[in-house]
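Each chain, letter by letter, is given below.
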Amino acid sequence: MRTDVGLTGATVSGPSRSRRGLVRFFVVTWLLLSVAMASWSLATPLFASPDESAQVVKAVAVARGELTGRTIETPGGYFQLITGVDVPAYYGQAQPNPDCFIYDLNEPPDCAPPFVADGAGDGEVRTWIGRYPPLYYAVVGLPSLLADGEAAVLSMRVASAVLCAAFYAVGLTALRASRHAPAMVAAGWLAITPTALFFGGMVNSSALEIAAGFATWCLLVPLVRDPGGHDVRRRLAAGTVTAVVLLNTRPGSGLLALLIALCLVLIATREFWRVALSDRRWLPATCIAALGAVVAGTWLLVVEPTESLGGVPDPRLSSARLAVEGALDMTGRYVREQLAVFGWLNVIPPPVVLWSLGLTVAAVVVAGLAFGRGRLRWGVAALLVLSFALPIVSQVPSAAELGLIWQGRYGLPLSIGLPVVAMAAICSRESAAPAAGRARWLLIPFVAAVHVASFGWSLWRYTYGLDIRPFDASAEWAPPGGWLSPLAFVAASGCLTVFLLAQLHGVARAQHRDDGVRSGEPADPLPGEPVGEVR
């Protein structure tokens, strides 16, 4: 039996940490999450998510090599600056396409005209996010080179789902390879809210921003707390890569990456700094970070993507006090949007779904504050404060010119780390770690049930309307493939639940057996496990 020595003693690294086992865990998790998010892609009508029409035009343009387009001034409009790009002209119909149903929760989407290619050739189509960084769109826009009309948009959605699922799978795999894996993976699964899965299946750069933020937290939190249990050079480089992706996704991503870095510095142990700075282990990560920061900074300074932000001026908000009060009043909405809000941010699940999910996250955070020790307790507190303060601090300077335009998903790359950091704080107290690990038996199925309920509620809204009683319903709309997407979502959620529980049960058994060996108690090897030397 091989063991790796970390800060607090030996930790198991046999089958539970084998490279082959982790690769298998990543592949299965990636596949199941891809299916789940692709199901959202099919079960949501075209352009029925925030800004998707503009996001699609941007992706189509970037895929054709047009990174910024031409700036068009629109004085007095919601957007003072928009961008004109040369793409197939029919994409100009994307924006008005869902207008007949997105604001009426009882209107089925079949009122929208078919979105088809008209063969009219290329023309100037306008988008209000033409200045955004091109990284996300360069990948997601590729299917538009092979497909047209509805098939092109659905293919771009699926491409987004597969891309984002890879980052979520990287994060869960990183937690799977860490100490206290049963508790940490359960916390990671809790952090991937229904909102995160929903946006992953849409064409929206926030999807990659959230996924990259999650992967960064999951890679680096275990590392800065337990460097002896990991390959510091590789994990630090991997975490820096995901952070660079985050940094180059949206105009405000740099601030989020900075806040994540500050929280990681706060919770990092002295041992981490000693190990990371020795033998130039910091060099690859530093080079990656420097290159990514230069690219992001150059785009921000030269292209000025923040100039294209839109809003309605409100002179009353020139008063900092009124702006702060207004943002505070909207805090509940921001939290709700981070948990489970779909459609045009107006498809809201029943209170029991939102409250049960919110209270579960809050319970983990409160437990982290109660059981955390030293830096970890301060780290949870700091991240909690930053998550609530970010919408206020970000909006006040421009509130008079733009109004209060914040949406919950903007801060999700930061707050998605709360359950992960809080669970690390709980497990820092050895007396609480076993109970946290056993909580996975309730936490993982609960989160899956919340996802299924949220998906079903959103699908019901579009299929029947929210005011229609179940037994009086007649389907007015069906997603492409009929019932394929809901069945695929339920199957993926169920398989992922079983897979995670089975994997974590094996980890827990191996760790328990290894603890018995270290304490002098007899322990039988797991079936099929070779017994080798102790390192």
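Residues numbered from 1 in each chain as written. Predicted model: local features only at pLDDT ≥ 70, side-chain atom pairs only at ≥ 80, totals over all residues. Heavy atoms only, no water.

Caption draft 1: Fine view of the overall build of the protein. Scanning the protein from terminus to terminus reveals 21 helices and 5 strands. A compact globule built from 535 residues should have a C-alpha radius of gyration of about 24 Å, and the protein, at 24 Å, falls within 12% of that. Considering only C-alpha atoms, the protein reaches an extent of 75 × 55 × 45 Å along its principal axes. Split into buried and exposed, the 535 residues of the protein put 56% on the buried side. A fraction of 81% describes how many contacts in the protein between residues 6 or more apart in sequence connect residues 24 or more apart. When the accessible surface of the protein is summed, it comes to about 22300 Å², and 65% of that surface belongs to carbon and sulfur atoms. Separation between the mean location of the 39 positive side-chain charges and that of the 37 negative ones in the protein comes to 13 Å. (Helix = DSSP H or I, 4+ residues; strand = E, 2+ residues; numbered from the N terminus. Rg over C-alpha atoms; globule rule 2.2 N^0.38 Å. Buried < 20%, exposed > 50% of the residue type's maximum accessible area, 1.4 Å probe, protein only. Contact = heavy atoms within 4.5 Å. Areas by Shrake-Rupley, 256 points an atom, 1.4 Å probe, with all protein chains shown as cover. Lys, Arg positive; Asp, Glu negative; His and termini not counted. Charge placed at Lys NZ, Arg CZ, Asp CG, Glu CD.)

Caption draft 2: Up close: the nonpolar core. Judged by nonpolar contacts, the single largest core of 147 residues is most densely connected at Tyr 91, Met 156, Tyr 168, Trp 217 and Met 423. The greatest single-element share of this core, amounting to 14 residues, is contributed by helix H7 (residues 205–225). In this structure, Tyr 91 is in contact with Val 56, Val 57, Val 60, Phe 115, Val 125, Ser 144, Ala 152 and Met 156, ignoring residues within four places of it in sequence. (Core = buried A, V, L, I, M, F, W, Y, C linked by side-chain atoms within 4.5 Å.)

Caption draft 3: Representation of the sheet that holds strand E4 (residues 81–88). On the basis of which strands lie adjacent, the open sheet formed by 3 strands has the order E3-E4-E5 and antiparallel pairing. Two strands in the sheet have a free side with no partner beyond their single neighbour: strand E3 (70–73) and strand E5 (122–127). Pairwise comparison of adjacent strand axes, ignoring direction, gives a mean angle of 40° for this sheet. Inspection of the sheet shows E4 paired to E5 by 6 bridges, in the antiparallel sense. From the neighbouring strand, Val 87 faces E5, where its bridge partner is Gly 123. Strands E4 and E5 of the sheet are contacted by helix H2 (residues 52–63), whose axis makes an angle of about 55° with E4. (Pairing = 2+ DSSP bridges. Axes fitted to C-alpha atoms, helices over the stretch in contact; angles between N-to-C directions.)

Caption draft 4: View of the pairing of E4. With 7 of its 8 residues buried, E4 lies for the most part within the structure. Here E3 runs beside E4; their pairing, made up of 4 bridges, is antiparallel. Pairing of Arg 70 across the sheet is with Gly 84, part of E4.

Caption draft 5: Representation of the environment of Leu 369 within the structure. Tracing the backbone shows Leu 369 in helix H14 (residues 351–371). Residue classification places Leu 369 among the partly exposed positions, given a relative accessible area of 28%. Separated by 304 residues in the primary sequence, Leu 369 and Gly 65 have C-alpha atoms spaced 49 Å apart. Apart from the residues lying within four places of it in its own chain, the contact partners of Leu 369 are Arg 377, Val 380, Ala 381 and Leu 384.

Caption draft 6: Representation of unusual backbone geometry. Positioned with a positive phi, His 180 is a non-glycine residue whose angle comes to about 55°. Along the chain, His 180 falls in the loop between helix H4 (149–176) and helix H5 (181–191). With a phi close to 55°, Glu 304 is a non-glycine residue in the positive phi region. Following the sequence through the fold, Glu 304 ends up in the loop between helix H11 (283–302) and helix H12 (320–329). Taking relative accessible area as the criterion, Glu 304 reaches 38% and is therefore assigned partly exposed.

Caption draft 7: View of the state of the cysteines. As enumerated under the stated definition, the model contains 1 disulfide in all. Residue pairing for Cys 100: its cysteine sulfur links by disulfide to Cys 111, the two sulfurs lying 2.0 Å apart. Because the sign of the S-S torsion sets the handedness, a value of about 90° for the bond joining Cys 100 and Cys 111 places this disulfide among the right-handed ones. Of this pair, Cys 100 sits in the loop between E4 and E5 while Cys 111 sits in the loop between E4 and E5; the two residues are 11 residues apart in sequence, bridging distant segments of the chain. The exposure class of Cys 100 is partly exposed, given its relative accessible area of 35%. For Cys 111, a relative accessible area of 31% translates into the label partly exposed. The structure places no disulfide on Cys 427, whose sulfur is separated from the nearest cysteine sulfur, that of Cys 218, by 14 Å. (Disulfide = S-S within 2.5 Å.)

Caption draft 8: Seen up close, the side chain of Ser 178. With respect to the helices and strands, the residue Ser 178 is situated in the loop between H4 and H5. Judged by relative accessible area, which is 4%, Ser 178 ranks as buried. In terms of polar contacts, Ser 178 uses its side chain to reach the backbone carbonyl oxygen of Ala 174, at 2.7 Å. (Polar contact = N/O pair within 3.5 Å; in protein donor to acceptor, adjacent residues only side chain to side chain.)

Caption draft 9: Quick peek at the pattern of salt bridges. Counted by the stated rule, this structure contains 11 salt bridges. Among the salt bridges present, the one from Arg 409 reaches Asp 51, with a minimum N-O distance of 3.6 Å. Highlighted residues: Arg 409 in the loop between helix H16 (399–402) and helix H17 (412–415) and Asp 51 in the loop between helix H1 (19–43) and H2, separated in sequence by 358 residues. Classification of Arg 409 as buried rests on a relative accessible area of 3%. Between Asp 314 and Arg 316 there is a salt bridge, and its shortest N-O distance comes to 3.0 Å. (Salt bridge = Lys/Arg side-chain N within 4 Å of Asp/Glu carboxyl O.)

Caption draft 10: Spotlight on H4. Helix length check: H4, at 28 residues, gives a terminal C-alpha distance of 41 Å against a target of 40 Å (1.5 Å per residue), a fit within 8%. In terms of residue burial, H4 counts as a mostly covered element, since 22 of its 28 residues are buried. (Expected span 1.5 Å × (residues − 1).)

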